[in-house]
Amino acid sequence: MLVVRHPVGGIRTFLRYVYRQFDSARYSFTLISPDIPEVRVLLEDLNALDLIYAPTERDVSDRTLVQVVTKALRTGKFDLIHSHGFTSAACSIVGAGLTQTPHILTCHDVFTDGQFVGVRGGLKKIALALMLATANGIQCVSYDARDNLLRYLKMRRLFQHKVIVIPNGIDVERFQNPEQRDLRQELGLPENTFLIGYFGRFMSQKGFRYLANALEQIMKNNQDLPKQPVVLSFSQADGFIREEMENVKRRGLAGSVYFLPFVADVASTLKGLDVVVMPSLWEAGPLLAMEAMVAGVPVIGTSCVGLREVLQNTPAKVVPPKNTLALTEALLMEMQSPTTAKAREFAMEAVARFQVGERAQEIEKLMLKFLEG
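Asks: Is there a simple way to explain the pairing of strand S12 (residues 299-302) in this structure?
Replies: Strand residues, when the strand is regular, have side chains that alternate between the two faces of the sheet. Of the two faces of S12, both are covered, the one formed by Val299 and Gly301 as well as the one formed by Ile300 and Thr302. Bridging between strand S11 (residues 275-278) and S12 involves 3 bridges; their strand directions are parallel. Bridged to Val277 within S12 is Ile300. Pairing of S12 with strand S13 (residues 317-319), which is carried by 3 bridges, proceeds in the parallel orientation.

Listed below in structure tokens is the structure:
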């Protein structure tokens, strides 16, 4: 059983990359998640698997999800639960306990100081530690994510021995030689346009405001640019997108920022960009940076938790998070002295570094440890 409370962004992509590596003749899956458009895309990606989709309402409450998962476990026959994210795990523990079904959790996020404020925050830490103690296995998608988990939860002795790091990986083949999308022609942009790609959601964590700040500084203070910078956003129309669109208009950047439809398969789109920018404040194990580097596209990212691990020892430009000046300088440097050649040269090393095959095998071994037990 796959329990996925939030089947969007990196979690959806993780499911696509990892489970496509599994032998459909050996495993049967039941996916329990809200019925949202992103899941329909995921089901198409996983159509080769023996998979049953058990949708819940789009705005399902956590309490209802607990009931749905518990009922499915009590009426069906499942050998293993694989939950994705802390909320999904919390919604699975009652059913797992009642049916004595092994339960593995994959942690797709990290903690921040603002999540644990005051007495309520302290109680939340205790509840999380107790919840993690009920799981049979806990997979972190990066070493940064593991260290973050153990640092924030002081009762780690309850679950620390269950934690294993299996870093994220991607399906490198689809990013090696995709057809390049001609974004300039699609949008009617001149050839001297410098295309800056943004794929994050419009949440504070992804730092879009700092990219907008940097673009504003470039437009105001640099009149003799070699190219005209344009930001192309390919994000889901959720979160604070309306606020960000209003902010862009208010700054007079409407002609320099395009809010384009979300693309499920980003390979050809990546190839059509001059640079991918990830101004994140925190990440767990970001897949986009891996995808861009395998595609041979320059990356500018922050040194935040999670992302710094992926960008270490690569040609990517790394700037401090929340630092508009550093991001502005990095963009100007990339415009004036492109690192496209270095990015393409590094692509083959990125292929070897980020291949999902071995990571999926490790996840399967983790599952089999409890299935065979």
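Asks: When you look at the sheet that holds strand S9 (residues 228-233) in this model, what are you seeing that I'm missing?
Replies: What links the strands of a sheet is backbone hydrogen bonding, and the strands pair in either a parallel or an antiparallel sense. An order of S10-S9-S8-S11-S12-S13 is seen for the 6 strands of this open sheet, with the pairing classed as parallel. Looking at which strands have only one partner, the edges of the open sheet turn out to be strand S10 (257-259) and S13. Strand-to-strand twist of the sheet, defined as the mean angle between neighbouring strand axes without regard to direction, takes the value 25°. The strands touched by helix H10 (residues 208-221) are strand S8 (193-198), S9, S10 and S11; relative to S9, the strand with the most contacts, the crossing angle is about 165°.

Asks: Quick question: what am I supposed to make of a nonpolar patch on the surface here?
Replies: Residues Val119, Leu123, Ile126, Leu130 and Leu158 make up a contiguous nonpolar surface patch of about 450 Å² in total accessible area. Mapped onto the secondary structure, Leu130 falls in helix H6 (residues 118-134). The class of Leu130 is partly exposed, set by a relative accessible area of 45%.

Asks: Can you help me understand the environment of Tyr143 in this one?
Replies: By the element assignment, Tyr143 lies in helix H7 (residues 143-152). Among the residues examined, Tyr143 registers a relative accessible area of 41% and is labelled partly exposed. Along the primary structure Tyr143 and Pro167 are separated by 24 residues, whereas in three dimensions their C-alpha atoms are 7.5 Å apart.

Asks: Which parts of the structure should I look at to understand helix H1 (residues 9-19)?
Replies: Helical geometry note: an α-helix holds 3.6 residues per turn, so side chains three or four residues apart project in the same direction. Counting buried positions over the 11 residues of H1 gives 9, a clear majority of the element. All of the buried residues in H1 are Ile11, Arg12, Thr13, Phe14, Leu15, Arg16, Tyr17, Val18 and Tyr19.

Asks: Would you take a moment to explain helix H2 (residues 37-45) for this structure?
Replies: Along H2, the residues that are buried comprise Glu38, Val39, Leu42, Leu43 and Asp45. Seen along its axis, H2 keeps its buried residues to an arc of 155°; they face one direction. Buried-residue contacts for H2 involve H1, strand S2 (28-34) and strand S3 (50-56).

Asks: Would you take a moment to explain the nonpolar core for this structure?
Replies: Within soluble globular proteins, side chains that are nonpolar generally end up buried alongside one another. Ranked by size, the top nonpolar core spans 121 residues in total, and within it Leu149, Leu270 and Leu331 carry the most contacts. Not counting residues within four places of it along the chain, the set of residues in contact with Leu270 comprises Phe175, Phe199, Val276, Leu288, Glu291, Ala292, Ala295 and Val297. Counting residues in each nonpolar core, the second largest holds 11 residues, with Met1, Leu65, Cys91 and Ala96 among its members.

Asks: Looking at this structure, how should I read the sheet that holds strand S1 (residues 2-4)?
Replies: The strand order across the open sheet built from 7 strands is S3-S2-S1-S4-S5-S6-S7, with neighbouring strands paired in parallel fashion. Looking at the sheet topology across the chains shown, the edges are occupied by S3 and strand S7 (163-165). Neighbouring strand axes in the sheet, compared pairwise and without regard to direction, differ in orientation by 20° on average. Across 4 bridges, strand S4 (residues 81-84) lies against strand S5 (residues 103-107) in parallel orientation. Across the sheet, His82 pairs through a bridge with Ile104, a residue of S5.

Asks: Sorry if this is basic, but what is going on with the pattern of salt bridges here?
Replies: Side chains that carry opposite charge are capable of pairing whenever their charged atoms lie near each other. Applying the stated rule across the entire model yields 16 salt bridges. A salt bridge links Asp62 to Arg5, with the shortest nitrogen-to-oxygen separation between them at 3.0 Å. In this pair, Asp62 is assigned in helix H3 (residues 62-75) and Arg5 in the loop between S1 and H1, connecting sequence segments 57 residues apart. By relative accessible area, which is 39% here, Asp62 ends up partly exposed. The partner of Arg16 in a salt bridge is Asp45, with the nearest N and O atoms 3.6 Å apart. Residue Arg16 is located in helix H1, and its partner Asp45 is located in helix H2; the two are separated by 29 residues in the primary sequence. Accessibility classification places Arg16 together with Asp45 in one group, the buried group. Counted as one network, the salt bridges with shared partners bring together Asp171, Arg174 and Asp265.

Asks: Mind showing me how you'd approach the packing of H1 against H2 here?
Replies: A pair of packed helices is captured by two measures, namely the crossing angle of their axes and the spacing between those axes. One way to put it is that H1 packs onto H2 with a least axis distance of 9 Å and a crossing angle of 10°. Taken together, H1 and H2 sit at an angle that is classed as roughly parallel. Facing H1, whose interface residues are Arg12, Leu15 and Arg16, H2 presents Glu38, Val41, Leu42 and Asp45. Classifying every residue of the contact of H1 with H2 gives 3 nonpolar, no polar and 4 charged.

Asks: Explain the packing of aromatic side chains to me, please; I cannot follow it from the model alone.
Replies: When we look at a pair of aromatic rings, we describe it by the centre distance and by the angle of the planes. Counted under the stated rule, the structure contains 15 aromatic pairs. Their ring planes at 55° and their centres at 5.3 Å tell us that Tyr19 and Phe22 sit as a pair that is tilted. Across the pair, exposure class does not vary: Tyr19 and Phe22 are buried alike. Geometrically, the ring pair formed by Tyr198 and Phe202 is tilted, given 5.8 Å between the ring centres and 45° between the ring planes.

Asks: Sorry, what's going on with the environment of Asn247 here?
Replies: Looking at where Asn247 falls in the secondary structure, it is placed in helix H11 (residues 241-250). By relative accessible area, which is 12% here, Asn247 ends up buried. Distance in space between the C-alpha atoms of Asn247 and Arg209 is 8.7 Å, their sequence separation being 38 residues. Of the polar contacts made by the side chain of Asn247, one reaches the side chain of Arg251; its length is 3.1 Å.

Conventions used here
Residue indices follow the written sequence of each chain, beginning from 1 at its first position. Per-residue local features of the predicted model are confined to residues with pLDDT of at least 70, and side-chain atom pairs are confined, for both listing and counting, to 80 or more; whole-chain, interface and lining totals are unaffected and use all residues. Side-chain measures were taken over the full set of non-hydrogen atoms in the model, leaving aside hydrogen atoms and water. Under the scheme applied here, a residue whose accessible area is under 20% of the maximum for its type counts as buried, over 50% as exposed, and between as partly exposed, the area being computed with a 1.4 Å probe on protein chains only. The helix and strand labels rest on DSSP assignments: H or I over at least four residues marks a helix, E over at least two residues marks a strand, and numbering proceeds from the N terminus. When DSSP finds two or more bridges between a pair of strands, those strands are recorded as paired. An axis is simply a line fitted to the C-alpha atoms; with a helix, the fit covers only the stretch in contact. Between two such axes, the angle follows the N-to-C directions and lies from 0 to 180 degrees. Contacts are residue-level and defined by heavy atoms, with any inter-residue pair within 4.5 Å sufficient. The residues that make up patches have over 30% relative accessible area and no salt bridge, and they are joined within 9 Å when like-charged or within 5 Å when they are Val, Leu, Ile, Met, Phe, Trp or Tyr. Accessibility throughout is a Shrake-Rupley quantity obtained with a 1.4 Å probe, and a residue counts as covered only by protein chains that appear here. One speaks of a salt bridge when a side-chain nitrogen belonging to Lys or Arg is within 4 Å of a carboxyl oxygen belonging to Asp or Glu. The arc in question is traced by the directions running from the helix axis to the C-beta atoms. Take the buried residues of types Ala, Val, Leu, Ile, Met, Phe, Trp, Tyr and Cys, join any two whose side-chain atoms come within 4.5 Å, and each joined set is a nonpolar core. Angular relationships are summarised with four words: roughly parallel below 35 degrees, roughly antiparallel beyond 145, roughly perpendicular across 65 to 115, and oblique for the angles in between. Ten residues, namely Ala, Val, Leu, Ile, Met, Phe, Trp, Tyr, Cys and Pro, are considered nonpolar, four, namely Asp, Glu, Lys and Arg, are considered charged, and the remaining ones, Gly among them, are considered polar. Any pair of Phe, Tyr and Trp rings, taking the six-membered ring for Trp, is counted once the centres come within 6.5 Å. Such a pair is stacked with planes under 30 degrees apart, edge-to-face with planes over 60 apart, and tilted for the rest. Side-chain atoms alone can form a polar contact between residues adjacent in sequence; in general such a contact is a pair of N or O atoms within 3.5 Å, and within protein one must be able to donate a hydrogen while the other accepts it.

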